[in-house]
Amino acid sequence: METKKGNSDSDTKILLVTANVGSLFEDPQRLLTIWLEEFIGNVTKINPRFLALHLQEVGGKTYENSMGNVQEFIRRLCEAMAKTEFIFVRIYMDEDFKSAEHFTALGNIYFGHKDISTLRIWNFLTHCWDDNQLDNEKQIFCGNIETVPTKEKAKFPQHFFPECKWSRKGFMRTRWEINGTAIDLVNIHLFHDASNLAACEDFPSVYCKTRRRALIHTIERFHLDDKNGSVPFFLFGDFNFRCDTAGVVKELTTNLTAHRLQSIKNESTKINYRNTDGNNILTVGKKEFSHADHQLKFKELWLKEFDKELAPLAEFLVEYPINFIPSYPFEEDPEMPTDYMSTRCPSWCDRILMSPQVKDIIDTDDWQYDMIGESVCMGDHKVRQSPLAWSKHSIHSRH
């Protein structure tokens, strides 16, 4: 989202970016430079006064082996940003994978421009603005960050997790006052679809219901937080929202015949949908979703009508219209930057949502909501960005 309101000194341009970077840390030799160049290029072009970058899967999917690459990422990002006019830096990287109770693999990174008149950060321990925090222009919190008071972080309760596997999903929140406007910036990572076959059974699927439950849990937590009060919030991260897989399969298989293939091991079950000539048009397995016209079919407009997960929460979460292709799952090979993998139905997993109150402080006449790196490899998720501007308001915590 980008709003242009002339050259008024009271306008503050903010850039919000979310990126699942699991692939980045597992193959830094091939992907890190591409990712950073594309990201920095977009920041330079947009030239915001405040930048918020929310990362998921910090350290990669095999974080025990690749967490060491995180420091190199931070070093190179900060080196590049030091050449700009961003002088305030706050970085929160949850890297302590040995703490099963707390580990989320989330990273919240913020840069403030020298032209910002006032910039304050909230202390969730003292429940007030922590003016002293910004005396030190650069602060980086890595490893175990549980005691850092200027962020609130939580892993979702264990009983929320499908298949009883307690993985890294959770949220991390910071609160900022930027030129007189108070806003919460919340990073979130919700549960994925473990099996395409299970996701095909019905809509909402069992995975969709679990994501919705965790999302409502998070919003209610903020609403009931009497100690810190409430302000308008942006909630951006990897929601793992998936298309109505059952509906997509039905749409794609009209006049096709289903053939179930099952080996001795149930895990190998898959369904081939064939035309009258016996050609496979669509194959659906636990971790396989492959169409005969895979690279074009899922970039067409028809798919958007099956993006339904957010609709039941429209009263609490709003989003600008989506006019870009699904952000996941892209090939992780730099030689195939625009191709989807044949593992999942392509979906809009990576989103930037907001509370309805946010629209009161931003001008929506000329917004922009799109992706970074559409033509280059950014990993299996394309980065989502949202530039916006607001006029100088005075919105404070409501207790």
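It should be emphasised that the depicted structure is a prediction, and the values quoted were computed from it without experimental measurement. (Residues numbered from 1 in each chain as written. Predicted model: local features only at pLDDT ≥ 70, side-chain atom pairs only at ≥ 80, totals over all residues. Heavy atoms only, no water.)

Caption draft 1: Molecular detail of the overall build of the protein chain. When its secondary structure is counted, the protein chain shows eight helices and 18 strands. Across the 399 residues in the protein chain, those meeting the buried criterion constitute 57%. When contacts within the protein chain are restricted to residue pairs at least 6 apart in sequence, those whose partners lie at least 24 apart make up 74%. Carbon and sulfur atoms form 47% of the exposed surface of the protein chain, whose accessible area is close to 16,900 Å². (Helix = DSSP H or I, 4+ residues; strand = E, 2+ residues; numbered from the N terminus. Buried < 20%, exposed > 50% of the residue type's maximum accessible area, 1.4 Å probe, protein only. Contact = heavy atoms within 4.5 Å. Areas by Shrake-Rupley, 256 points an atom, 1.4 Å probe, with all protein chains shown as cover.)

Caption draft 2: Fine view of the packing of aromatic side chains. Evaluation of the coordinates by the stated rule reveals 18 aromatic pairs. Note on Trp122 and Trp129: the rings are 5.0 Å apart at their centroids and 90° apart in plane angle, and the pair reads as edge-to-face. The exposure class assigned to Trp129 is buried, which follows from its relative accessible area of 15%. Positioned above the aromatic ring of Trp122 is the side chain of Arg175, whose terminal nitrogen or guanidinium carbon lies 5.0 Å from the ring centre. For Lys382, the ring lying beneath its charged end belongs to Phe330, and the centroid distance is 4.8 Å. (Phe/Tyr/Trp six-rings, centres within 6.5 Å; stacked < 30°, edge-to-face > 60°. Lys NZ or Arg CZ within 6 Å of the ring centre and 35° of its normal.)

Caption draft 3: Geometry of the nonpolar core. Ranked by internal contacts, the top residues of the largest apolar core, which has 52 residues, are Leu16, Phe50, Leu185, Phe234, Val248 and Phe298. When residues no more than four places from it in sequence are discounted, the contact partners of Phe298 are Val248, Leu252, Phe289, His291, Leu303, Pro326, Tyr340, Cys345 and Pro346. Among the nonpolar cores identified, the runner-up in size contains 38 residues, and Leu15, Ile74, Ile91 and Met93 belong to it. (Core = buried A, V, L, I, M, F, W, Y, C linked by side-chain atoms within 4.5 Å.)

Caption draft 4: Fine view of the confidence of the model for the protein chain. Per-residue confidence for the protein chain averages 89 on the pLDDT scale, and 90% of its residues sit at or above 70. Below pLDDT 50 for its whole length, residues 1-9 participates in 30 contacts with residues either more than four positions away or in separate chains. Within the model, the stretch residues 392-399 combines pLDDT values under 50 with 28 contacts to residues more than four positions away or in other chains. (pLDDT = per-residue confidence, 0-100.)

Caption draft 5: The environment of Ala182, seen in detail. Mapped onto the fold, Ala182 is located in strand β10 (residues 181-189). Classification of Ala182 as buried rests on a relative accessible area of 0%.

Caption draft 6: A look at the side chain of Lys153. Residue position: Lys153 is located in strand β8 (residues 152-155). The class of Lys153 is buried, set by a relative accessible area of 11%. Ignoring anything within four residues of it in the chain, the contact list for Lys153 reads Asp94, His102, Thr104, Ile145, Glu146, Phe171 and Met172.

Caption draft 7: Main features of the packing of helix α2 (residues 28-46) against helix α4 (residues 69-81). Remark: α2 packs on α4, axes separated minimally by 11 Å, with the N-to-C direction vectors making an angle of 30°. In terms of axis orientation, α2 runs roughly parallel to α4. In the packing of α2 onto α4, the handedness of the crossing is right-handed. Residues Pro28, Leu32, Thr33, Trp35, Leu36, Phe39, Ile40 and Val43 of α2 touch α4, and the partners they reach there are Asn69, Glu72, Phe73, Arg76, Leu77, Ala80 and Met81. For the contact of α2 with α4, a count of residues per class yields eleven nonpolar, two polar and two charged. (Axes fitted to C-alpha atoms, helices over the stretch in contact; angles between N-to-C directions. Parallel < 35°, antiparallel > 145°, perpendicular 65-115°, else oblique. Left-handed = near helix turned anticlockwise from the far one by under 90°. Nonpolar A, V, L, I, M, F, W, Y, C, P; charged D, E, K, R; others polar.)

Caption draft 8: Spotlight on the pairing of strand β1 (residues 12-20). Within β1, eight of the nine residues are buried, leaving the element largely enclosed by the surrounding structure. Relative to strand β2 (residues 50-56), β1 runs parallel, the two sharing seven bridges. Opposite Ile14, over in β2, you have Phe50 as the bridge partner. (Pairing = 2+ DSSP bridges.)

Caption draft 9: Spatial organisation of the environment of His294. For His294, the position within the fold is in helix α8 (residues 294-297). Given a relative accessible area of 5%, His294 falls into the buried group. When the C-alpha atoms of His294 and Asp339 are compared, they prove to be 8.7 Å apart, with 45 residues separating the residues in sequence.

Caption draft 10: Geometry of the side chain of Arg90. Tracing the backbone shows Arg90 in strand β3 (residues 86-93). There is a polar contact of 3.1 Å between the side chain of Arg90 and the backbone oxygen of Glu137. (Polar contact = N/O pair within 3.5 Å; in protein donor to acceptor, adjacent residues only side chain to side chain.)

Caption draft 11: Examining the sheet that holds strand β12 (residues 257-261) more closely. Pairing is antiparallel in the open sheet, where four strands are placed in the order β12-β13-β14-β15. Single-partner strands in this sheet number two, and they are β12 and β15 (288-291). Going across the sheet, the axis of each strand differs from the next one's by a mean of 20°, ignoring polarity. Looking at chain direction, β12 and strand β13 (residues 270-274) are connected through five bridges and run antiparallel. Note that in β13 the partner of Arg260 across the bridge is Ile271. In the packing of helix α7 (residues 245-252) onto the sheet, the strands contacted are β13, β14 (280-285) and β15, and the crossing angle to β15 comes to about 30°.

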